[in-house]
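Results of the structural survey
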Amino acid sequence: MGRLGSGELKRMKKTSILKFFAILAVVIIIHGIIMPCKAYAFDMTAGATTWYAWGDQFNVQKEPSLGANKNSFIKGDPGFLYGPVISAKFNDDFNLTFVFLYGKFDATKKNASMAAKAEFGRIDSDLALNYKLNNYFKVFAGIKYLAYDIIPSSVSPYSIKMNDKHISCGPGIGLSATIPITENVFCLATLSGLYMRGDDKVEATMWGIPHNLNIDYNEYGVNSNLSIAYYISDLSTAISLGARFQYIIANYNDNDIGLSSIRFKMYGVTLSATYTFNI
């Protein structure tokens, strides 16, 4: 097993420190809000959400005209991401939300010399603290965690097996709006920006020879949601249907495979159901 260089160790330490302080900041803020309110009851909302999404990934090489260094495009078949959504309202001004989504997609990777079938799993998770500005708008800030696990099922004409794990984490900030249409129907909208750091862990076998790479990157992007929600007062339940769009660019640092950036695009239809109760 090869030893890590000093540069790689420094990058790993820097990423770990950034993740630690981002999580610590959120914990301190939450603690400062919860402690003054611990003697009072607060509202909880719990439920499930799903995102039927299409996904595209475009890999940009620094020198696309040389040898195997060619731009490639991954087109994902539509599929479901699903998971829980939880919210805790501490007082009239602050509430904490958590959303976790997971799904698997079939995809086709293409470049100028070959096409490959692949499967990729995706985790999309958000933890955010929301502050109410007025009856219609909130600002929020928190932490986003993204993970892709791309596993080609066949590569032709080369004898290549590969597992590519793309993991990132970092802060995000945004604005949300709740606009009443009728007494029980609302229009919901969010727009947020994010900045993350992470690394790609590539485990590849080419013609029987293993190759392991660890490549770090900076990642930034936008996320937007627009939906219509119907609140069933007798059941304390809200049903919402809408659309979501996410666009992220990962810019890679110096690496041995000539990779410059990856551009991710996810878009599709969302559906959720949540129940509100008091504790």
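Residues numbered from 1 in each chain as written. Predicted model: local features only at pLDDT ≥ 70, side-chain atom pairs only at ≥ 80, totals over all residues. Heavy atoms only, no water.

Digging into the nonpolar core
Counting 21 residues, the largest nonpolar core has Trp51, Leu81, Ala250, Tyr252, Ile262, Phe264 and Met266 as the members making the most contacts within it. Secondary structure elements with two or more residues in this core: β1 (43-61), β2 (72-89), β3 (94-110), β5 (137-156), β7 (185-206), β8 (209-232), β9 (237-252) and β10 (259-278). For this core, the element with the highest residue contribution is β10, accounting for four residues. Ala88, Phe90, Leu96 and Leu129 belong to the second-largest nonpolar core, a separate cluster that totals five residues. (Core = buried A, V, L, I, M, F, W, Y, C linked by side-chain atoms within 4.5 Å. Buried < 20%, exposed > 50% of the residue type's maximum accessible area, 1.4 Å probe, protein only. Helix = DSSP H or I, 4+ residues; strand = E, 2+ residues; numbered from the N terminus.)

Comments concerning the pattern of salt bridges
All chains considered together, the criterion is met by five salt bridges. Between Arg122 and Asp124 there is a salt bridge; the shortest N-O distance is 3.1 Å. A relative accessible area of 0% places Arg122 in the buried class. By sharing partners, the salt bridges in this structure join Arg122, Asp124, Asp126, Lys144 and Arg244 into a single network. (Salt bridge = Lys/Arg side-chain N within 4 Å of Asp/Glu carboxyl O.)

Observations concerning the confidence of the model for the chain
Across the chain, the average pLDDT comes to 79, with 69% of residues at or above 70. By mean pLDDT, helix α1 (residues 6-37) is the weakest element of the chain at 52, and β9 is the strongest at 94. Across residues 1-6, confidence stays below pLDDT 50; counting only partners more than four residues off in sequence or on other chains, it has two contacts. Long-range and interchain partners of residues 154-159, a stretch whose pLDDT sits below 50, account for 14 contacts in this model, where long-range means more than four residues apart. (pLDDT = per-residue confidence, 0-100. Contact = heavy atoms within 4.5 Å.)

Points about the pairing of β10
The sheet contact formed by β1 and β10 spans 19 bridges and is antiparallel. Bridging from a neighbouring strand, Ala48 pairs with Ala273 of β10. (Pairing = 2+ DSSP bridges.)

Things to note about empty space enclosed by the protein
Which parts of space are left empty comes out when a probe the size of a water molecule is rolled across the atoms. With the rule as written, the count across this model stands at one cavity of 30 Å³ or more. If you add up the space inside the largest cavity, you get close to 70 Å³. What lines the largest cavity is a set of eleven residues, and nearest its centre among them are Asp56, Gln57, Phe120, Tyr148 and Phe264. Put simply, the parts of the chain that give the lining of the largest cavity at least two residues each are β1, β2, β5 and β10. (1 Å grid on protein atoms, 1.4 Å probe; cavity = no way out; pocket = protein on both sides within 12 Å on 5 of 7 lines; lining within 4 Å. Points joined across faces, edges and corners; volume = space filled by probe spheres on them.)

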